[in-house]
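Spelled out from the first residue to the last, the chains are:
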Amino acid sequence: CQLPYFFSGFAGVRPEGYSIYSEYARQGFFELCAIAAINLGLMAVGGGFCRTSVRQSRLLRGLNLALCGLTLLLVATAFSKMLLYMAAYGLTPKRVCTCVFMLFLAGVTVAVMVLQFKRFSIMRFAAVFGAGLLCALIERRPHPFGDFVATHTGHQKRQGDILKDSPVGQQSVVLEDHADLTP
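Bear in mind the structure is a predicted one, so any value in this text is a computation, not a measurement. (Residues numbered from 1 in each chain as written. Predicted model: local features only at pLDDT ≥ 70, side-chain atom pairs only at ≥ 80, totals over all residues. Heavy atoms only, no water.)

1. Considering the overall build of the protein chain
When helices and strands are counted, the protein chain shows 6 helices and 2 strands. Listing every helix and strand of the protein chain by position from the N terminus yields α-α-α-α-α-α-β-β. A separation threshold of at least 6 residues defines the contact pool for the protein chain, and within that pool the share at least 24 residues apart is 61%. Accessible surface for the protein chain amounts to roughly 11,300 Å². Of this, 66% is attributable to carbon and sulfur atoms. (Helix = DSSP H or I, 4+ residues; strand = E, 2+ residues; numbered from the N terminus. Contact = heavy atoms within 4.5 Å. Areas by Shrake-Rupley, 256 points an atom, 1.4 Å probe, with all protein chains shown as cover.)

Put into structure tokens, the structure is as follows:
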């Protein structure tokens, strides 16, 4: 059964077989990307081969809405896995960018849902929405994440702590001069 794998991130636990947070989060993210591309491709092909418009075909509109709903569910599960990963190891610029990309996918998916009922340029929406998210990321210089990442990981990085973020060393946190905190 795949349900524990998909939904254990919402409960704040890793499923069996995933001892490393990054493996769990990355796998969820790349599954999301693949499924979102497949779903958008299916909707484009279905709309291209349909003799009537999507707004006139209740069946095609229903199938498109179902695919969008499943894509949003997958975005939510991938995001929950990433939040679990960030709760364990803090924020980094890559993790923030990944979350922003998932937000972009969710926004475009919602726009595709609205497109089933109202006509507008989805490409223009995606370009403007993506540009807005990009501007939000780079609004500060010289480093767009500087204080944001530092303040949200400060509680995890005390003086002398070394957080290992590699797949091999991710399972442990080395605490120097904190003998009372180690088992």
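2. Looking at the packing of aromatic side chains
The tally for this structure, following the rule as stated, stands at 6 aromatic pairs. Ring geometry for Phe 29 versus Phe 101: centroids 5.9 Å apart, planes at 70°, classification edge-to-face. With Phe 29 in helix H2 (residues 21-49) and Phe 101 in helix H4 (residues 93-115), this residue pair connects regions lying 72 residues apart in the sequence. Aromatic side chains Tyr 85 and Tyr 89 sit 6.0 Å apart centroid to centroid with 65° between the ring planes, which places their arrangement in the edge-to-face category. Of this pair, Tyr 85 and Tyr 89 both sit in helix H3 (residues 58-89), 4 residues apart, which is roughly one turn of that helix. A cation sits over an aromatic face here: Arg 95 above Tyr 85, 4.2 Å from the ring centre. (Phe/Tyr/Trp six-rings, centres within 6.5 Å; stacked < 30°, edge-to-face > 60°. Lys NZ or Arg CZ within 6 Å of the ring centre and 35° of its normal.)

3. Quick word on a nonpolar patch on the surface
Together, Leu 3, Phe 7, Phe 10, Leu 70 and Leu 73 line one region of the surface with nonpolar side chains, adding up to about 470 Å² of accessible area. Here Leu 73 lies in helix H3. By relative accessible area, which is 39% here, Leu 73 ends up partly exposed. (Patch = residues over 30% accessible without salt bridge, like charges linked within 9 Å, V, L, I, M, F, W, Y side chains within 5 Å. Salt bridge = Lys/Arg side-chain N within 4 Å of Asp/Glu carboxyl O. Buried < 20%, exposed > 50% of the residue type's maximum accessible area, 1.4 Å probe, protein only.)

4. Digging into the confidence of the model for the protein chain
In the predicted model, the protein chain carries a mean pLDDT of 76, and 75% of its residues have values of at least 70. Every residue in residues 155-183 scores below 50 in pLDDT, and together they form 42 contacts with partners more than four places removed in sequence or on other chains. (pLDDT = per-residue confidence, 0-100.)

5. Details of the nonpolar core
Core analysis: the largest hydrophobic core is formed by 20 residues, its most contacted members being Leu 32, Val 75, Met 82 and Met 102. Looking at this core, the elements that each hand over two or more residues are H2, H3, H4 and helix H5 (122-138). The leading source of residues in this core is H3, at 7 residues. Setting aside anything within four residues of it in sequence, one finds Met 102 in contact with Phe 29, Leu 32, Val 75, Ala 78, Phe 79 and Met 82. Formed by 5 residues, the second largest nonpolar core is a distinct cluster that contains Met 43, Val 108, Val 112 and Ala 126. (Core = buried A, V, L, I, M, F, W, Y, C linked by side-chain atoms within 4.5 Å.)

6. Let's talk about the side chain of Arg 61
Along the chain, the position of Arg 61 falls in helix H3. Buried charge without a salt bridge: Arg 61, with Glu 31 as the nearest opposite-charge side chain at an N-O distance of 29 Å. If we skip the residues at most four places from it in the chain, Arg 61 touches Val 54, Arg 55, Gln 116 and Phe 117. (Lys, Arg positive; Asp, Glu negative; His and termini not counted.)

7. Considerations on H2
Taking 1.5 Å per residue, 29 residues should reach 42 Å; H2 reaches 42 Å between its end C-alpha atoms and fits that length. When H2 is considered as a whole, its buried residues turn out to be Ser 22, Tyr 24, Ala 25, Gly 28, Phe 29, Leu 32, Ala 36, Asn 39 and Met 43. Residues of H2 that are buried make contact with helix H1 (3-11), H3 and H4. (Expected span 1.5 Å × (residues − 1).)

8. Details of the environment of Arg 26
Following the sequence through the fold, Arg 26 ends up in helix H2. When the C-alpha positions of Arg 26 and Thr 98 are compared, they lie 9.6 Å apart, and in sequence the two are 72 residues distant.

9. What to know about the packing of H1 against H3
It is at 8 Å that the axes of H1 and H3 come closest, and there the two elements cross at 55°. By the angle class used here, H1 and H3 are oblique. As H1 packs across H3, the resulting crossing turns out to be left-handed. Between H1 and H3, the contacting residues are Tyr 5, Phe 6, Phe 7, Gly 9 and Phe 10 on the first element and Leu 73, Leu 74, Ala 76, Thr 77, Ser 80, Lys 81 and Leu 84 on the second. Taken together, the residues of the contact of H1 with H3 break down into 8 nonpolar, 3 polar and 1 charged. (Axes fitted to C-alpha atoms, helices over the stretch in contact; angles between N-to-C directions. Parallel < 35°, antiparallel > 145°, perpendicular 65-115°, else oblique. Left-handed = near helix turned anticlockwise from the far one by under 90°. Nonpolar A, V, L, I, M, F, W, Y, C, P; charged D, E, K, R; others polar.)

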